[in-house]
Amino acid sequence: MKRLVLLVPLVAFLLLTLFLYRGLFLKPEELPSALIGKPIPAFSLPAVEGQSLITDKDLLGRPALLNVWATWCVACRVEHPVLNRLAAQGVLIYGVNYKDDNAMARQWLADFLNPYRLNIQDAEGRLGFDLGVYGAPETFLLDKNGIIRHKFVGVITDQVWREQLAPLYQELQGE
Amino acid sequence: MIPELANLALILALCLAVVQGTVPLVGAWLGAHQWMRLARPLVWGQSALVLFAFLCLAFAFLSDDFSVAYVAHNSNTALPWYYKFSAVWAAHEGSLLLWALTLSGWSVAVSLGSRQLPEEVLARVLAVMGLISVGFLLFLLHTSNPFERLLPYSPDNGRDLNPLLQDFGLIVHPPMLYMGYVGFSVAFAFAIAALLGGRLDAAWARWSRPWTLVAWCFLGVGIVLGSWWAYYELGWGGWWFWDPVENASLMPWLVGTALLHSLAVTEKRGVFKSWTVLLAVAAFSLSLLGTFLVRSGVLTSVHAFATDPERGTFILVFLLIVVGSSLALFAIRAPVVASQVRFGLWSRETLLLVNNLLLVVSTATILLGTLYPLLLDALTGAKLSVGPPYFNALFLPLMAVLLFSLTVGVLVRWKETPWPWLRQMLWPIGLGALVLGGGLELMRESFHWGSLLVYLLAAWVVLGVVRELLDKLRHTGFWGVFRLPLSYWGMHLSHLGLVVCALGIVLSSQESVERDLRMAPTEQVSLGGYRFVFEGTQSIQGPNYRSERATLSVLDDQGELITRLYPEKRLYLVQQMPMTEAGIDAGFTRDLYVALGEPLGDGAWAVRIHIKPFIRWIWLGGLIIALGGLLAALDARYRRVFKTPKLTASEPAPQGA
């Protein structure tokens, strides 16, 4: 019996390797969200820059991307230039600055440009919690009525935008 | 010609490593002295060959041999010579070679420094290290050869070293870190040798301890250097980012810390044997995992795993063989006999067990947070960072509990401590900590739970150390201080280093002030009792970069000049990469830190000014911890030659005892 206990580290390690190995060759798939088809949760939070308050009503009117980001998130740094390009093309992007230090967030926007029309300061992560955010970056696609239509987890690259998000975005614009 | 010679040397080293990894092992099994005696000359031969290959690569860098692909990717004629040299280990292939070289160095050290070891133990230890070397040399030659040529079309000039890495920190940080990572291979080899030989006893723990201590010190210094480098080079003023690369170095250090404490119990009391062996295996496995995760670029750009499945697969297979086989060996050979040694609830054994649990749980927490994005990416293709919120929320409370239990652990005795005695030892410390810690918190301008807690814990630990020392000297009088062994001082020093580090962390994070502002020449700003005057910028031409260098004068309240700071915005020409060089005035109680943002026209710049109190204490504490470890490793009892009883009495005594 005691011998069997000694096998625990080996089994745990083998499981980990198996998982890593499967991971090497698995096809990417999307993370579903329970919020698809539901309106964005109500909130009233300060903006990252300036003194104003932003509420869920401010996001209505036009289809948009709602991008969850933070300065501690290395992947966000990769994503940022892509967002800048999209904003320059006229894509409407709102930001949720998730569990972040406001001064660092401002510095970030100063250093890397600001693609966000509105940028919500979610220092406590409460909005992120309501949105079911796992980490950053995550991006929600909102229609003009503020309904969440799609959720994308991870870095938006040019390819992701072209192949997955742009068609959906254009569809929403046509509605 | 020279790269080809180096390649040949690596192949020969691989051949020798194969022999080193098998013949002495079989010899130890059969009891064949000639076979076992082969281990040491094989180690020396293999090391000489690896060293030769390393020097060849260094030569290729220093002589700008851009026909070597690795040199062409990581160097440039305009690079200063010292960066050309450190560029040897700036990317994947070269750092693997440095790894192999470090492993050789440790093998040689073991072969020279373990003369009192029984012959078959030494043979097994060196053989295990040889087998690890086989894996690394194969990996080098098979998938990551630094000597591959770009022929016949070799470039005229190289693509230059990544500007982030053109820094003194990079010259020293990786070798230190690798000394630590690879140093754990010695403890690992001792553990495997003990499992193979079936002798897990106090002697084994005593042999492993100094090696583990030295490796742990190197790793600690390496982590400190890395953090310091990030602080001044990244221009954000942060010193720890919970980045996968940092986590990869912290995890083996934490498990190594647990191992050190567990080894102490095994040596002194002969308990926790299986656990100690498991920790030795875990510390090295995490070093391996860390090296590979970092060096293969799996974590920083997850695509490296997918785009080069050959490398990724090799990594996994190698990990599977090394870790899998040692854990299998552990499952078969680890002692299951219930220990005869009993200990009470309030005993040092129990407290060290608590220490081990806390450290292992912290490591598991970090491992989960580090691998979770990788696993998620592998499964779903999603990339995300778990980030500091996760790590801080889990790691910091565990460390607080660790600090709390530390004092109790220092005071309790082995076996059994009467609770009334312990109580009368502890309550004055607790009272003193309340007064001292609370007093410190009251002196602050604003109240914060975190800092109060750290003050209390710091006072608790320091007073505990003092009380323990006084108790030690109760019978001997003051002069007994000079008769206490080095390892005793090392222990207390390391614990105090932990306190210094914790104070640095909480003070620098609570008391820091910072301002982002636009500054035109002659403009000034007051911050935290200092006045910063922006004198203007000038253009500077570096060896391989252009730079805008600003001058800021820092004045105190009376208008006396304290120092001048020179933050820079550099543009590295080959890679067209902008870099921020912060201007820092380092001090024991505070750092003044100025970084340049973007030019805003008319000679004005976006400037970021930080005042970071006590931030040096974080690294100072880390260094004190490592110094404590070094003192312990230098303790006289490890140099004494022990008579080790031979189990096989029919054989003659091993040579060189």
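All figures in this text were calculated on a predicted structure; none of them were measured in a lab.

Regarding its fold elements, chain B presents 20 helices and ten strands. The principal-axis extent of the C-alpha atoms belonging to chain B is close to 90 × 80 × 50 Å. Of the roughly 26,700 Å² of accessible surface on chain B, 67% is carried by carbon and sulfur atoms.

Okay, the confidence of the model for chain A next. Residues of chain A with pLDDT of at least 70 account for 90%, and the chain-wide mean is 83. Within the model, the stretch residues 26-31 of chain A combines pLDDT values under 50 with 13 contacts to residues more than four positions away or in other chains.

Residue and element names in this part refer to chain A. Approximately 50° is the largest bend angle found in helix α6 (residues 158-174), and it occurs at L165, with the proline P167 only one to four residues beyond. Buried within α6 we find V160, W161, L165, A166, Y169 and L172. Turning to α6, the residues buried within the fold contact β3 (64-69), α3 (74-88), β6 (138-142) and β7 (148-153).

Residue and element names in this part refer to chain B. Taking strand neighbours across the sheet as the criterion, the four strands line up as β1-β10-β9-β8 in an open arrangement whose pairing is antiparallel. Edge positions in the sheet fall to β1 (513-519) and β8 (583-585), since each of these pairs with one other strand and no more. Across the sheet, the axes of successive neighbouring strands diverge by a mean angle of 15°, strand direction being ignored. In terms of strand pairing, β1 meets strand β10 (residues 604-613) through seven bridges, oriented antiparallel. Its bridge partner being in β10, R518 is matched across the sheet by A606. Seen against the sheet, helix α9 (residues 202-233) touches β8, β9 (590-601) and β10 and runs at an angle of roughly 40° to β9.

Looking now at the environment of L426 of chain B. Along the polypeptide, L426 of chain B turns up in helix α16 (residues 419-443). Excluding anything up to four places from it in sequence, L426 of chain B contacts T407, V408, L411 and W460 of chain B.

Another aspect to go through is the nonpolar core. Membership of the largest hydrophobic core comes to 145 residues, with the highest contact counts inside it found for W99, L137, F190 and W204 of chain B. With 17 residues, helix α8 (residues 168-197) of chain B is the largest single contributor of residues to this core. The residues touching F190 of chain B, leaving out its near neighbours within four places in the chain, are L117, V121, V125, W204, W207, S208 and W211 of chain B. Core analysis: the second largest hydrophobic core is formed by 49 residues, L59, C76, F152 and V160 of chain A among them.

Moving on, we come to the packing of α8 of chain B against helix α10 (residues 244-269) of chain B. Think of two packed helices as two axes; the pair is described by the angle between the axes and how far apart they sit. Residues and elements named next belong to chain B. For the pair α8 and α10, the least separation of the axes is 11 Å and the interaxial angle reads 40°. Between α8 and α10, the angle is such that the two are oblique. Relative to α10, α8 is oriented so that their crossing is left-handed. Touching L177, Y181, F184 and A187 of α8 are A248, S249, P252, G256 and L259, all from α10. The residue makeup of the contact of α8 with α10, split by class, is seven nonpolar, two polar and no charged.

For the rest of this paragraph, the subject is the state of the cysteines. Evaluated as defined, the whole model comprises zero disulfides over all chains. Free of any disulfide, C217 of chain B has its nearest cysteine sulfur in C501 of chain B, 15 Å distant.

All names here are of chain B. One can describe the packing of helix α15 (residues 387-411) onto helix α18 (residues 486-511) by two numbers: an axis separation of 12 Å at closest approach and a directional angle of 160°. Our classification of the angle between α15 and α18 gives roughly antiparallel. Crossing of α15 over α18 shows left-handed handedness. Residue-level inspection shows L403, L406 and V410 of α15 in contact with α18, the latter providing H492, H495, L498 and A502. Tallied by class, residues from the contact of α15 with α18 come to five nonpolar, two polar and no charged.

The next subject is the sheet that holds β6 of chain A. All names here are of chain A. With mixed pairing, five strands are arranged side by side in an open sheet as β5-β4-β3-β6-β7. Two strands in the sheet have a free side with no partner beyond their single neighbour: β5 (118-122) and β7. Taking the axes of each pair of neighbouring strands and ignoring which way they run, one obtains an average angle of 20° across the sheet. The sheet contact formed by β3 and strand β4 (residues 93-98) spans five bridges and is parallel. Note on β4: the bridge partner recorded for N67 is G95. Contacting β3, β4 and β6, α3 runs over the sheet at an angle of about 160° to β3. Against the sheet, helix α4 (residues 102-112) makes contact with β3, β4 and β5, and its axis sits at roughly 125° relative to β3, the strand it touches most.

Thresholds, definitions, all that
Residues numbered from 1 in each chain as written. Chains lettered and ligands numbered in written order. Predicted model: local features only at pLDDT ≥ 70, side-chain atom pairs only at ≥ 80, totals over all residues. Heavy atoms only, no water. Helix = DSSP H or I, 4+ residues; strand = E, 2+ residues; numbered from the N terminus. Areas by Shrake-Rupley, 256 points an atom, 1.4 Å probe, with all protein chains shown as cover. pLDDT = per-residue confidence, 0-100. Contact = heavy atoms within 4.5 Å. Bend = angle between axes of the 7 residues up to and from the residue. Buried < 20%, exposed > 50% of the residue type's maximum accessible area, 1.4 Å probe, protein only. Pairing = 2+ DSSP bridges. Axes fitted to C-alpha atoms, helices over the stretch in contact; angles between N-to-C directions. Core = buried A, V, L, I, M, F, W, Y, C linked by side-chain atoms within 4.5 Å. Parallel < 35°, antiparallel > 145°, perpendicular 65-115°, else oblique. Left-handed = near helix turned anticlockwise from the far one by under 90°. Nonpolar A, V, L, I, M, F, W, Y, C, P; charged D, E, K, R; others polar. Disulfide = S-S within 2.5 Å.

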